[in-house]
Every structure is written in structure tokens, then in C-alpha cells.
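Listed here are the chains, written in short residue letters.
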Amino acid sequence: SSDVTEIYGELSIPLLADAPMAQSLDLSLAARWSDYSAFGDNTTYKLGLVWQVNDQMRLRSVVSTAFRVPTISEQEGSTNQENLITVDPCEGATGTIATNCLADGVPANFMQDGTTVLTGVGGNPFVEPEDADTFTVGIVLEPAFLEGFTATIDYFDIQIDNAINAVDGSDQLRLCYTDPSVYSEFCNSFTRDPITNQVTFLSKRPVNAAKEDVSGIDYAFTYNTEIAGLGTTFAVRATNLLKHENQANPAAEVEILRGKITADRGSYAKWRSNMSANIFAEKWSAGWSVRMIGEADDENGGGPIGSSVDNVFYNDLNFNYFFNEDMKLSFGVDNVFDEKAPYITSWNDANTDVFTYDLMGQRWYMRASYTF
């Protein structure tokens, strides 16, 4: 359990109105003081600016700080043991890694048995809060020559210190033997058999990484119009991940996650998008949506299959019939084309990334709703 006390305030200040090149210019200020029984207090703030240039263009930007304490599962999640794909760098090692493997008692002719290592996952009672600095800037366009169309483009940059994360087992081993002094925490996270020198157990729990940097661009386009007397809405929303980097400590190398599928943290595809088309009539409506998860590579490599995934598309269809203002009947099909989850080498327990892809295949539903 945890107790928290917070005080929050926000202020909106109009700076300009009905001025040349500025229908309005508004400044927003906010601050929050939080006091957690388990972690102490912290103060965060937000500074935002919205510039309505004219009826067709609006610019906006926000600079803020953030503070997040660990969730109960990150702190106290029960321990679970899994056989996870793990690469032992002492097999075929050269250079500094070979030297450090020999110093640890691993012979030069060492060969790893199998491809998995028994790994303990769960909570970490010693994990600390994380804090972040965020910056966003964007533009909203509603051109007069295309009535009903709206486009928004927003750039975001998030820098998290003491980020709560779990480092992949293969990376823990590799970093340990790259520099045992800098990565001493990882060197203490696994054990070897004193006779065979095989890694017998590895601990992979949430820790406070030194830094996590994320940036990207969000796109949103909507178009409301009328076709053959029916109201229609078309929408496209997409995110282009420009950067996602982790650093275990200030002296550590940077882990590049962009374009990678991780063993237990999901996919960091460069592109994701949602597209939809909806039709509205007086008594009914229908819609088709397409969700796209971009291509990505398995961070642990793999064989001829399972080392990478192409773009994956999921199609959903829905239909609604309105008996009156209070009663509605809905029918739909999710994953219309029964798209199967792709095989991924690192996910040996499930054969796919269970955080990212659809595991159930095509499914149908019917729902009736009545508002009293």
C-alpha cells in the first residue's frame, strides 16, 4: 500500500486576441506537488502555448516535467521463471569479452548448451521513481478549400531519467563481459555451473536505467463529407518513431530499440497507424478500420524464420442499427481476414510477441444496448 498527497493548480493567460496574425495567443501554466509515503515528495510543472493564427491554422507547444512512481507490479510482482532465448557471449568470444570470460573461469573453447536460460522475472522492491522532461510542438490545419478536412502533425521528445525498465538477458551477459566494473550490477544477475560453466539462472527484473530517450511524430488526418446523401468520415492516425534509446547507466552503451521486437517488452516498430472509414445514415451506420504494425527485427536475431516481421495489418468491420434514440443493435467482425500472429524467435514460450499482435484470430460479436 502507499499513501499520496497532491496539490495541483493551473492558470490560463490570454496574451493576444484579434491581433494581426493572431486571432488568439494563450499561455497555460500548471504545477503539481506530490508527496508519496514510500518515495518522498516531488514537484512538476507544465508550460503551454497555443497560437491561433487564423481560421485555418493553429500552432501549439508544451514543455513539461513528469514524475512516476513504480507500479505495484513493478515493485511487488510475483516471481515467475521462464526459459528465455539468451545468447552467451563467451561462446566464440574475442577481444575484451574473451579476456573477461577467461577471467571468470569460462574456457576459450566454451560452447553454450541450447538457446535458452532459466530466467526469473517479476517485481523489484528496490526500484525507484522515474522522472522526465517532455517537449511537444505541433500544427493544426483546417484549409478553407477543403471543408471538413483537419490535419494535425505533432513532434514529441521525451527524456526519462531513472527510467524503469528490464534489460534483456543477452544484453546483461554481453555488457557484463564487456566491462565487469561498469556493469557490475549485471554481473551479479546470473550464476554459472562451477563444472560446465553454463549459465544456470539469470534474473531479469525492473531496474532504474540511467536514461530513456523517445522521440517521434504523430500524424492525424480526418475528413468529414457527404457521399450519395450519406455522412462519411475518413481518418488516418499514424506515429513515426524516430528514436527510442535506453542507457543502463551513465557509462553504459546506448541500447537502440527503434525498429526492434524485444523478448518481453513488445515491439518498437518505426511505424504504426490506424485507418478508418465510417458511413452514417438516419437508421444505421457502418465502419471499416485497419490497424497497421510496422516491420521490425528480433533484437536477439534468430534463424531464417522469426528474426524479423513484415508489416502486419488487422481489419475490423462493424455495423449498427438504430431502432430509436434509445436502442441500438451492433454487429461486427474483428480481424476479418484472420491474420495470424507472426512467429518470433525470442518469444520461445509463446512463439510470438503477446504484447503486440492479435492472438485470437477472426472473431464475431453481436451486441444490443438500451439507454434508460
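Residues numbered from 1 in each chain as written. Predicted model: local features only at pLDDT ≥ 70, side-chain atom pairs only at ≥ 80, totals over all residues. Heavy atoms only, no water.

Student: Would you mind showing me how to read the sheet that holds strand 9 (residues 190-192) here?
Tutor: Across a sheet, strands are paired by hydrogen bonds formed along the backbone, either parallel or antiparallel in direction. A sheet is described by the order of its strands in space; here 4 strands give the open sequence 5-6-10-9, paired in mixed fashion. Lying at the two open borders of the sheet, with one neighbouring strand each, are strand 5 (80-85) and strand 9. Sheet twist, expressed as the mean angle between neighbouring strand axes with direction ignored, is 25°. Relative to strand 6 (residues 116-121), strand 5 is paired through 6 bridges, and the arrangement is antiparallel. Bridging across to strand 6, Gln-81 finds its partner in Gly-120. The strands that helix 3 (residues 169-178) touches are strand 5, strand 9 and strand 10 (199-204); relative to strand 10, the one it contacts most, it runs at about 105°. (Pairing = 2+ DSSP bridges. Helix = DSSP H or I, 4+ residues; strand = E, 2+ residues; numbered from the N terminus. Axes fitted to C-alpha atoms, helices over the stretch in contact; angles between N-to-C directions. Contact = heavy atoms within 4.5 Å.)

Student: Help me out: how do you make sense of helix 3 in this one?
Tutor: The α-helix advances 3.6 residues per turn, and as a result positions three or four apart in sequence lie on the same side. Most of helix 3 is tucked away, with 8 of its 10 residues classed as buried. Of the residues making up helix 3, those classed as buried are Gly-169, Ser-170, Asp-171, Gln-172, Leu-173, Leu-175, Cys-176 and Tyr-177. Structurally, helix 3 contributes buried residues whose contacts are with strand 5, helix 2 (95-103), helix 4 (184-187), strand 9, strand 10 and strand 13 (254-256). Where helix 3 starts, the residue carrying a side-chain oxygen 3.1 Å from the main-chain nitrogen of Ser-170 turns out to be Asp-168. (Buried < 20%, exposed > 50% of the residue type's maximum accessible area, 1.4 Å probe, protein only. Polar contact = N/O pair within 3.5 Å; in protein donor to acceptor, adjacent residues only side chain to side chain.)

Student: What should I look at first to understand the packing of aromatic side chains in this one?
Tutor: Aromatic ring pairs: the centre-centre distance and the angle between the two ring planes describe each pair. Overall, the coordinates contain 11 aromatic pairs when judged by the stated rule. Centroid distance Tyr-219 to Trp-271: 6.1 Å. Interplanar angle 20°. Geometry classified as stacked. On the criterion of sequence distance, the pair formed by Tyr-219 in strand 11 (residues 207-227) and Trp-271 in strand 15 (residues 271-280) is long-range, its members being 52 residues apart. Given a relative accessible area of 38%, Trp-271 falls into the partly exposed group. Here the aromatic rings of Phe-331 and Trp-364 are separated by 5.7 Å at their centres, their planes lie at 55°, and the arrangement is tilted. Taken as a pair, Phe-331 in strand 20 (residues 327-334) and Trp-364 in strand 21 (residues 363-370) lie far apart in primary sequence, 33 residues in all. When its relative accessible area of 32% is taken as the criterion, Phe-331 is described as partly exposed. Judged by its relative accessible area of 56%, Trp-364 falls in the exposed class. One residue, Arg-192, lies across the ring of Phe-110, its end atom 5.6 Å from the ring centre. (Phe/Tyr/Trp six-rings, centres within 6.5 Å; stacked < 30°, edge-to-face > 60°. Lys NZ or Arg CZ within 6 Å of the ring centre and 35° of its normal.)

Student: I keep staring at the pairing of strand 19 (residues 312-322) and nothing clicks. Help me out?
Tutor: Put simply, side chains in a regular strand alternate between the two faces of the sheet. Alignment of strand 16 (residues 284-293) against strand 19, held across 10 bridges, turns out to be antiparallel. Across the sheet, residue Ser-289 finds its bridge partner in strand 19, namely Asp-316. When strand 19 meets strand 20, the two strands line up antiparallel, connected through 6 bridges. Residue pairing across strands places Leu-317 opposite Val-333, the latter belonging to strand 20. Counting the residues that bridge the hairpin from strand 19 to strand 20 gives 4 residues.

Student: It is not clear to me how a nonpolar patch on the surface should be interpreted in this structure. Could you clarify?
Tutor: A contiguous nonpolar patch, built from Phe-319, Tyr-321, Phe-323, Met-327, Leu-329, Phe-331, Trp-364, Met-366, Tyr-370 and Phe-372 and spanning about 1100 Å² of accessible area, is present on the exposed surface. Elements that contribute at least two residues to the nonpolar patch include exactly strand 19, strand 20 and strand 21. When you line up the elements, Phe-323 lands in the loop between strand 19 and strand 20. (Patch = residues over 30% accessible without salt bridge, like charges linked within 9 Å, V, L, I, M, F, W, Y side chains within 5 Å. Areas by Shrake-Rupley, 256 points an atom, 1.4 Å probe, with all protein chains shown as cover. Salt bridge = Lys/Arg side-chain N within 4 Å of Asp/Glu carboxyl O.)

Student: Please clarify how the environment of Glu-10 should be interpreted in this entry.
Tutor: Its location among the elements puts Glu-10 in strand 1 (residues 4-19). Put simply, Glu-10 and Ile-72 are 62 residues apart on the chain and 29 Å apart in space, counted from C-alpha to C-alpha. The contacts of Glu-10, once residues within four sequence positions are left out, are Leu-29, Ala-30 and Lys-46. Within the structure, Glu-10 has its side chain in polar contact with the side chain of Tyr-8 (distance 3.1 Å).

Just distances and angles here, no functional claims.
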